[in-house]
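As a plain string of letters, each chain reads:
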Amino acid sequence: SQQGEEDPQALSIQEGENATMNCSYKTSINNLQWYRQNSGRGLVHLILIRSNEREKHSGRLRVTLDTSKKSSSLLITASRAADTASYFCATDAAYGNKLVFGAGTILRVKS
Amino acid sequence: DAGITQSPRHKVTETGTPVTLRCHQTENHRYMYWYRQDPGHGLRLIHYSYGVKDTDKGEVSDGYSVSRSKTEDFLLTLESATSSQTSVYFCAIASGIDYGYTFGSGTRLTVV
């Protein structure tokens, strides 16, 4: 079963625009993480936000977490063609040392 | 990816044969994981390890076994490969439960 569900499934934008991806989950968590996967490659860790945090920034990335709604969003500002990838949220589901991943959002940034 | 390697990168095998995939790390991390990735399913956890000889099942463990006799190596065995096990397999490592995972480059396995 997938703890995290990303929305939208696919997103196509122009270079320079902002991209927003959303993640919803079902049970309480200790932390929520976002990963990027370029085609044919392994996943790369982007950012981790803990359950007691509401917002976190890393470069052009901004992540928010709303535990009351069991949801998170990833914002990529001023997108570049190199941001084209799949993006996954993952939660630890508050029951241990393993992550459960959603099905991902495919982002395409057109130059 | 730095610190973690998977072998082989690609493998084609016949139905019914055993297959072993290897994950090797040089980071001395405690936690190691095997996931499979299939279209529409994201990543699903097969097995994981929280120390030498300490392993546990994940969401899709049927038909798979693992072993971890050394900190640096985590082996995934398909006891009798089936076509439904055709997938891309990823190994990941983590130093603790509040840290991000580092993923390997994956093994593309095709069972014919």
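Reading the values: the criteria
Residues numbered from 1 in each chain as written. Chains lettered and ligands numbered in written order. Predicted model: local features only at pLDDT ≥ 70, side-chain atom pairs only at ≥ 80, totals over all residues. Heavy atoms only, no water. Phe/Tyr/Trp six-rings, centres within 6.5 Å; stacked < 30°, edge-to-face > 60°. Helix = DSSP H or I, 4+ residues; strand = E, 2+ residues; numbered from the N terminus. Contact = heavy atoms within 4.5 Å. Salt bridge = Lys/Arg side-chain N within 4 Å of Asp/Glu carboxyl O. Polar contact = N/O pair within 3.5 Å; in protein donor to acceptor, adjacent residues only side chain to side chain. Nonpolar A, V, L, I, M, F, W, Y, C, P; charged D, E, K, R; others polar. Pairing = 2+ DSSP bridges. Axes fitted to C-alpha atoms, helices over the stretch in contact; angles between N-to-C directions. Disulfide = S-S within 2.5 Å. Buried < 20%, exposed > 50% of the residue type's maximum accessible area, 1.4 Å probe, protein only.

## With respect to the packing of aromatic side chains
Point 1. Per the counting criterion, the structure on display carries 12 aromatic pairs over all chains.
Point 2. With a centroid separation of 5.3 Å and 90° between ring planes, the pair formed by Phe-101 of chain A and Tyr-35 of chain B is classed as edge-to-face. With Phe-101 of chain A in strand 10 (residues 100-101) and Tyr-35 of chain B in strand 4 (residues 31-38), the pair connects residues from two separate chains.
Point 3. A connected cluster of aromatic rings, assembled from ring pairs, spans Tyr-35 and Phe-101 of chain A together with Tyr-33, Tyr-35, Tyr-48, Tyr-50, Phe-90, Tyr-101 and Phe-103 of chain B.

## Re the interface of chain A and chain B
Point 1. Contact residues are listed per partner, giving 20 residues for chain A and 21 residues for chain B.
Point 2. At the boundary of chain A and chain B, one finds zero salt bridges.
Point 3. Linking chain A with chain B are five residue pairs in polar contact (both at pLDDT 80 or more).
Point 4. Going through the elements one at a time, strand 4 (31-37) and strand 5 (43-50) of chain A are the ones with two or more residues in the side of chain A that touches chain B.
Point 5. By residue class, the composition of the side of chain A that touches chain B is seven nonpolar, 10 polar and three charged.

## Concerning the sheet that holds strand 1 (residues 4-7) of chain A
Residues and elements named next belong to chain A.
Point 1. The strand order 1-3-8-7-6 describes an open sheet built from five strands, whose pairing is antiparallel. Taken across any chain shown, the strands that pair with only one partner, and hence form the sheet edges, are strand 1 and strand 6 (55-58). In this sheet, adjacent strand axes meet at a mean angle of 20° when their direction is disregarded.
Point 2. In terms of strand pairing, strand 7 (residues 61-66) meets strand 8 (residues 71-76) through six bridges, oriented antiparallel. Directly across from Leu-65, in strand 8, lies its bridge partner Ser-72.

## With respect to the state of the cysteines
Point 1. Applying the stated rule across the entire model yields two disulfides over all chains.
Point 2. Two residues share a disulfide in this structure: Cys-23 of chain A and Cys-89 of chain A, whose sulfurs sit 2.0 Å from each other. Across the S-S bond linking Cys-23 of chain A and Cys-89 of chain A, the dihedral sits near 65°, which makes this disulfide right-handed. Here Cys-23 of chain A, found in strand 3 (residues 19-25), pairs with Cys-89 of chain A, found in strand 9 (residues 85-91); they are 66 residues apart in sequence, far enough to count as distant.
Point 3. On the accessibility criterion, Cys-23 of chain A (2% relative accessible area) is buried.
Point 4. With a sulfur-sulfur separation of 1.9 Å, Cys-23 of chain B is cross-linked through a disulfide to Cys-91 of chain B. Handedness of the Cys-23 of chain B-Cys-91 of chain B disulfide follows from its S-S torsion of about -75°: it is left-handed.

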